[in-house]
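# Summary of the model geometry
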Amino acid sequence: MAMVLLTGAAGYIGSHTWLALVRAGFEVVGVDDFSNSSPRVLERLAVLLGRPPAFEKASVCDAGAMDSVFRRHRIDATVHFAALKAVAESVAQPLAYYANNLGGLLTVCSAMLAHGGKRMVFSSSATVYGQPERLPIPEDAALQATNPYGRTKLMAEQVLADLGCADPAWRTACLRYFNPVG
């Protein structure tokens, strides 16, 4: 059975994705530092899964912690949801957003590469389209982020594209949703 590393696992979309992955037959190890979530989510997941979830408290920005997670688990693919996510906050605290959102992605990708992983689903955002020329927005619309949060997502997509150009074995998908609940 394939093992998926789920970052941001205790957040809203992370916890729902966790359940969907398990129902689809995957093993999941979750990683979260609870900066945007609560440890109580793990209690609810245990009830819904019928067993305690495999979980590691760690920051995706901590290279040593991420390396340790990859050493302890045979990770086949990563679903990367760990990020700061408030547009207004990103305008007030751009350095925090760049450090966390880009730093976390780079750290996770480096750990993946060091341990032979090259498959990732990345949580991007429709903010990469900025002010769209028309609605609904086609996927191939011009990219033009207008705030630090959106720019971190757009830059992260470029990092993943560059990895794929450098090594075609990388398989990545970027999710550009407006609202993950929808």
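Attention now goes to the pairing of strand β3 (residues 54-57). Alignment of strand β2 (residues 27-32) against β3, held across four bridges, turns out to be parallel. When the bridges of β3 are listed, Val29 appears paired with Ala54.

In this section: the pattern of salt bridges. Side chains that differ in charge, positive against negative, can pair when their charged atoms come close. As enumerated under the stated definition, the model contains five salt bridges in all. Of the charged contacts, one joins Arg71 and Asp67 as a salt bridge, the two residues approaching to 2.9 Å between their closest N and O atoms. Separated by four residues within a single helix, Arg71 and Asp67 lie in helix α3 (residues 63-72), roughly one turn from each other. Since its relative accessible area comes to 26%, Asp67 is described here as partly exposed. The closest approach of N and O atoms between Arg176 and Glu157, which form a salt bridge, is 2.5 Å. Placement of Arg176 in the segment after β6 (171-175) and of Glu157 in helix α6 (residues 148-166) is noted, with a sequence separation of 19 residues between them.

If you look at the biggest cluster of nonpolar residues, it comprises 23 residues, and the most contacted ones within it are Leu5, Met66, Phe70, Leu105 and Met120. Every element with two or more residues in this core is listed here: β1 (3-7), β2, α3, α5 (94-114), β5 (119-123) and α6. Among residues more than four places away in sequence, those in contact with Phe70 are Leu5, Ile75, Thr78, Ala111, Met112 and His115.

Let's shift gears to the sheet that holds β5. Read from one edge of the open sheet, six strands run β3-β2-β1-β4-β5-β6, paired in parallel fashion. Of all the strands in the sheet, just β3 and β6 have a single pairing partner and so form its edges. For this sheet the average axis-to-axis angle between neighbouring strands, irrespective of direction, equals 15 degrees. Together, β1, β2, β3 and β4 (77-80) form the strand contacts of α3, whose direction differs from that of β1 by roughly 160 degrees.

The next thing to look at is the layout of surface pockets. The space that makes up the largest pocket amounts to roughly 680 Å³. If you trace the largest pocket, you find 35 residues lining it, with Ile13, Phe81, Ala83, Lys85 and Tyr149 closest to the centre. It is helix α1 (residues 12-23) that contributes the most residues to the lining of the largest pocket, three residues altogether. Of the volumes computed, that of the second largest pocket is approximately 160 Å³. Considering the residues around the second largest pocket, the lining is formed by 14 residues, among which Val4, Asp76, Ala77, Thr78 and Arg119 are closest to the centre. Counting only elements with at least two residues in the lining of the second largest pocket, the list comes to β4, β5 and β6. Among the residues making up the lining of the second largest pocket, the classes are represented as nine nonpolar, two polar and three charged.

Reading the values: rules and limits
Residues numbered from 1 in each chain as written. Predicted model: local features only at pLDDT ≥ 70, side-chain atom pairs only at ≥ 80, totals over all residues. Heavy atoms only, no water. Pairing = 2+ DSSP bridges. Helix = DSSP H or I, 4+ residues; strand = E, 2+ residues; numbered from the N terminus. Salt bridge = Lys/Arg side-chain N within 4 Å of Asp/Glu carboxyl O. Buried < 20%, exposed > 50% of the residue type's maximum accessible area, 1.4 Å probe, protein only. Core = buried A, V, L, I, M, F, W, Y, C linked by side-chain atoms within 4.5 Å. Contact = heavy atoms within 4.5 Å. Axes fitted to C-alpha atoms, helices over the stretch in contact; angles between N-to-C directions. 1 Å grid on protein atoms, 1.4 Å probe; cavity = no way out; pocket = protein on both sides within 12 Å on 5 of 7 lines; lining within 4 Å. Points joined across faces, edges and corners; volume = space filled by probe spheres on them. Nonpolar A, V, L, I, M, F, W, Y, C, P; charged D, E, K, R; others polar.

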